Amino acid sequence: RVLHVHFKPRHNVGDAAVVDAIHELVAAAVPGVRWSTLPMKALRGPPDARLLRFINGHDAVIVGGGGFCSKFALPLDAGLLAAIAPPIVLFGVGHNRNAGDPPLDAEQLASLAAIGRQARLVGVRDEATRALFAGLGREAALTGDPAVFLRPVRPWWPPRRRHRRAFGFNLAAHGWAGQGDDLDRAVALFRAVIGALAADGDADLCYLVHTDRERAVAAELRRTFPALRVCRYPASRLLWVYGQLDLVVSMMLHSTLFAFAAGVPVVNVAYDEKNTAFFADLGRPGRSLPVATATADAVLAACREALAAPRDAEAALRERYATATQGFVRDFATLLGHRA
């Protein structure tokens, strides 16, 4: 029995992709695994006898992935953490910090250091998060985001006209720190970018919905671009849609990661340090532009570069993540007493 502590996936396709991918990866290495779940916020409360009995009735506890190293999950309750008996594994966790947010405070860092010391295995999403753990005295494996390894499933989809290019777009509208100041600017920016990319009248346009709160944004863009197809699918089916595109312009990290997993070039308008961290690992820092200063001309220049550039760096990083994740899952299976 494995307990998975994660962010609620109900309203966020990226969070759902992380959960589904971790379950797929572990099930392939640990036949017959049985899952229980807890919301991430459960680790922030004081130790409750009933909760502890539930947690300690498992053979292992997986925490993650997603933005565990952030104000959204930290600090943890020290008493609860100390009372957890099964081995703890951090899987694909990352550091989230919205533009304008303060850094993690002393209490949050101490809490992260404590679970890092207690965890038997630590796998992180990017080099910036690995450096964060290193500064706290804990070595971590760079496994990438688990969502990269989700298996795509084809939804109903109309036949594509092969001579046309297909462009996908995603904005962040789920309540990030600077949204009140920068979302209107981002919508105007995307409107200009979509208009330029569709100027020749021979392109398919898709809005890729990752959270419920994007409905209004998608509807606003459709008023300007009636041909914009709004794609609302569960994680595995939305991932398949990404594979049909020629270019993605994203804001949310998991939109970027879905494009990366599908082998599709992507340009990002960044509202969080996690976005720039991914493109730094990819060796393409110029493809992530800060939302507060990005211009349509700069985004379009990055799009042209992404479409023209070879994709060797993307393929190499996917292979690096795959190798590390396979090793991490084997180590987890061994921890549970299964032959690797």
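Thresholds applied
- Residues numbered from 1 in each chain as written.
- Predicted model: local features only at pLDDT ≥ 70, side-chain atom pairs only at ≥ 80, totals over all residues.
- Heavy atoms only, no water.
- Helix = DSSP H or I, 4+ residues; strand = E, 2+ residues; numbered from the N terminus.
- Contact = heavy atoms within 4.5 Å.
- Areas by Shrake-Rupley, 256 points an atom, 1.4 Å probe, with all protein chains shown as cover.
- Lys, Arg positive; Asp, Glu negative; His and termini not counted.
- Charge placed at Lys NZ, Arg CZ, Asp CG, Glu CD.
- Salt bridge = Lys/Arg side-chain N within 4 Å of Asp/Glu carboxyl O.
- Buried < 20%, exposed > 50% of the residue type's maximum accessible area, 1.4 Å probe, protein only.
- Pairing = 2+ DSSP bridges.
- Axes fitted to C-alpha atoms, helices over the stretch in contact; angles between N-to-C directions.
- Left-handed = near helix turned anticlockwise from the far one by under 90°.
- Nonpolar A, V, L, I, M, F, W, Y, C, P; charged D, E, K, R; others polar.
- Core = buried A, V, L, I, M, F, W, Y, C linked by side-chain atoms within 4.5 Å.
- Arc of directions from axis to C-beta.

Q: Tell me about the overall build of the chain, and name the residues and values.
A: Looking only at helices and strands, one finds 12 helices and 13 strands in the chain. With the C-alpha coordinates of the chain rotated into their principal frame, the extents come out at 60 × 40 × 35 Å. Relative to all contacts within the chain whose residues are 6 or more apart in sequence, the contacts with residues 24 or more apart total 73%. Of the accessible surface of the chain, which amounts to about 14,400 Å², a share of 52% is contributed by carbon and sulfur atoms. Computed over 40 positive and 32 negative side-chain charges, the separation of the two mean positions in the chain equals 6 Å.

Q: Mind laying out the pattern of salt bridges, listing which residues take part and the relevant values?
A: Side-chain pairing between opposite charges can occur once the charged atoms of the two side chains come close. As enumerated under the stated definition, the model contains 12 salt bridges in all. One salt bridge in this structure joins Glu24 and Arg151, with 3.4 Å as the shortest N-O distance. Remark: Arg151 occurs in the loop between strand S7 (141-142) and strand S8 (165-169) and Glu24 occurs in helix H1 (residues 13-29); sequence separation between them is 127 residues. Take Glu24: its relative accessible area is 25%, and that puts it in the partly exposed class. The partner of Glu314 in a salt bridge is Arg284, with the nearest N and O atoms 3.3 Å apart. Highlighted residues: Glu314 in helix H12 (residues 312-335) and Arg284 in the loop between helix H10 (273-282) and strand S13 (288-290), separated in sequence by 30 residues. Residue classification places Glu314 among the buried positions, given a relative accessible area of 10%. Connected via shared salt-bridge partners are Arg284, Arg287, Glu305 and Glu314.

Q: I'd like a rundown of the sheet that holds strand S12 (residues 266-270), residues and numbers included.
A: Ordered by their spatial adjacency, six strands build an open sheet running S10-S9-S8-S11-S12-S13, and the pairing between neighbours is parallel. If you trace the sheet from one side to the other, it starts and ends with strand S10 (229-231) and S13, each paired once. Strand-to-strand twist of the sheet, defined as the mean angle between neighbouring strand axes without regard to direction, takes the value 20 degrees. In this sheet, S10 lies alongside strand S9 (residues 203-208) in parallel orientation, the contact comprising three bridges. Its bridge partner being in S10, Tyr207 is matched across the sheet by Val230. This element, H10, spans S12 and S13 of the sheet and lies at about 145 degrees to S12.

Q: I'd like a rundown of the packing of helix H6 (residues 179-197) against helix H7 (residues 215-224), residues and numbers included.
A: Pairs of packed helices are described in terms of their axes, by the angle between the two and the distance that separates them. One way to put it is that H6 packs onto H7 with a least axis distance of 11 Å and a crossing angle of 35 degrees. Between H6 and H7 the crossing geometry is right-handed. In contact with Leu183, Val187, Arg191 and Ile194 of H6, H7 contributes Val217, Glu220, Leu221 and Thr224. Class assignment of the residues belonging to the contact of H6 with H7 gives a composition of five nonpolar, one polar and two charged.

Q: I'd like a rundown of the nonpolar core, residues and numbers included.
A: Core analysis: the largest hydrophobic core is formed by 80 residues, its most contacted members being Phe68 and Leu90. In terms of residue count, H1 provides more of this core than any other element does, seven residues in total. Those residues in contact with Phe68 that sit more than four places away from it in its chain are Phe7, Met40, Val63, Ala73, Leu74, Leu76, Leu90, Val93, Gly94, Leu112 and Ile115. Judged by nonpolar contacts, the second largest core, of 40 residues, contains Ile194, Ala218, Leu247 and Ala296.

Q: Lay out H7 with the relevant residues and their values.
A: Turning to H7, its buried residues number three or more, namely Val217, Ala218 and Leu221. Down the axis, H7 shows its buried residues gathered within 95 degrees of arc, on one side only. Those residues of H7 that are exposed and angled more than 90 degrees off the buried face are Arg215, Ala216 and Arg223. Structurally, H7 contributes buried residues whose contacts are with H6, S9 and S10.

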